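# Structural characterization, general
Below are the chains, spelled out letter by letter.
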Amino acid sequence: MNTPLSHFIPADPVAAQLGPQHGYAFDGDLVTLNAQICVVDSMAAASLRWVLQLWAEDTLVASADCSGLQTDHNGNAWVQITTDALLPAGTSEHAMTLTLASDDGSGLRRCDTAGYPRSERFCLPRIDGSVAYALSDAHTTLNADSIFNPRPADNLSGSLVLELWALPEPYRGGAFNGILIGSEALGQIAGQCAIGPIQATLPTCTLPAGRWLLTLMLREWTGHGYLTRDYRSFALAVDGPLPASAAVADSAVEFTASAPEGEVTETPVKTATASPAETATVPPTKAPAKAKTESKAKAASTEPTPKAAASKKVKVTSAAKASPAAAPAPAAKPAAAGVSINEADAAVLGKLKGVTAAIAAGIVAGRPWKSIDDLSKVKGIGSKMLDRLRSQIRL
């Protein structure tokens, strides 16, 4: 992790400093740094390693080695370097600072800094609208209103993925340590286009003891791997260990966030598990959801798609908001001959011996059933399990 700009130790004595001419220019994920460097002590400067750095407040955006300063007859060295830019996540504006640092072998020390009057707001894929997650003993559900690519119409994003993380400390952008709960691949989005609403089923939230802060991150594939482009932090902490005890496993707890950025508040409500038709599991190797575009994509990407963290289904539609989950139907009463696979809800089916929540969802999603034998089409039901279920169920 980089030392924040505010924590840099000033160099003493200073062998070189920034001249009056300097600047930077972004081109996508690249930035060109240029600077006039005034060498004060040429002998001392020759023995040091020199680095130009561009900062967005306390986030290091770019760092370029400019050792071996070649000076003119006035003692000025002119440097212009194009390098990778690691843009800060989120939609906030950032005050920019150019720093000249030197290293004598004991670490970088700040020699000079120059600020710029214009703040930068980076054009990155972002999360629009509200986001929410719901925890249950069977799985974690995730909802987001919309994902938008604000870049020009001919600028196709890299492969995008939504990731839900549990962190020990509030996330402020940059590097982090935490536990990945699950992810949902979104594919690529053309510039000026959006996809949504997003609905995904992630693995059961499993956390060790302690207090955890959940953060939803939108990450994009680049030459540096996946980089965080936007995020939403849920202010209400989750106490581990999880999953919760069976005594509270019959209901889920849902958290919703609607603030545009930063930490948000959420109201916990007890809700039934999402409709099985929307959460039926599919093989984890499914293709990423296709973006609904308003213009033709300029080029196809050869970037890899992130490995799915769990079996899930994404509902991708136009900009309409996802409707609230319907109230849970009352549990069907088993008939004398057994539980009806065409009438009982997932909660009742899940109480049958050997039937998991995922299998119950698959049974509901496959209706109507014309014969008991057809249940072998549901993932997780083999011939042996089907034989055990025959005495417990009916059409």
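Quick look at the structure, then.

Cut-offs used in this document
- Residues numbered from 1 in each chain as written.
- Predicted model: local features only at pLDDT ≥ 70, side-chain atom pairs only at ≥ 80, totals over all residues.
- Heavy atoms only, no water.
- Helix = DSSP H or I, 4+ residues; strand = E, 2+ residues; numbered from the N terminus.
- Buried < 20%, exposed > 50% of the residue type's maximum accessible area, 1.4 Å probe, protein only.
- Contact = heavy atoms within 4.5 Å.
- Pairing = 2+ DSSP bridges.
- Axes fitted to C-alpha atoms, helices over the stretch in contact; angles between N-to-C directions.
- Phe/Tyr/Trp six-rings, centres within 6.5 Å; stacked < 30°, edge-to-face > 60°.

Helices and strands together make up the secondary structure of the protein chain, namely five helices and 21 strands. Sorting the 395 residues of the protein chain into buried and exposed places 45% on the buried side. The contacts in the protein chain between residues at least 6 apart in sequence include a share of 69% that link residues at least 24 apart.

Another point: the sheet that holds strand 2 (residues 30-39). Whether parallel or antiparallel, the strands of a sheet pair through hydrogen bonds between backbone atoms. The three strands are arranged 1-2-5 in an open sheet whose pairing can be described as antiparallel. Every other strand in the sheet has two partners, leaving strand 1 (16-27) and strand 5 (76-84) as the edge strands with one partner each. Recorded for the sheet is a direction-independent mean angle of 15° between the axes of neighbouring strands. Direction of pairing for strand 1 relative to strand 2: antiparallel, over a ladder of nine bridges. The partner of A25 across the bridge, within strand 2, is T32.

The subject of this paragraph is the packing of aromatic side chains. Using the criterion set out here, one finds eight aromatic pairs in the structure. An aromatic cluster of three or more residues is present, and its members are Y24, F26, Y116 and F122.

The subject of this paragraph is unusual backbone geometry. Following G196, the chain continues to P197 via a peptide bond in cis, the omega torsion being 0°. Structurally, P197 can be placed in the loop between strand 12 (193-195) and strand 13 (198-202). Between G240 and the following residue, P241, the backbone shows a cis peptide bond with an omega angle of 10°. As for its placement among the helices and strands, P241 is situated in strand 16 (residues 238-242). Even without glycine at this site, E57 takes up a positive phi of about 55°. With respect to the secondary-structure elements, E57 resides in the loop between strand 3 (49-56) and strand 4 (59-65). Residues other than glycine seldom take positive phi values, yet Q192 does so here, at roughly 65°. Counting through the fold element by element, Q192 comes out in the loop between strand 11 (179-187) and strand 12.

These values are about where atoms sit, not about what they do.
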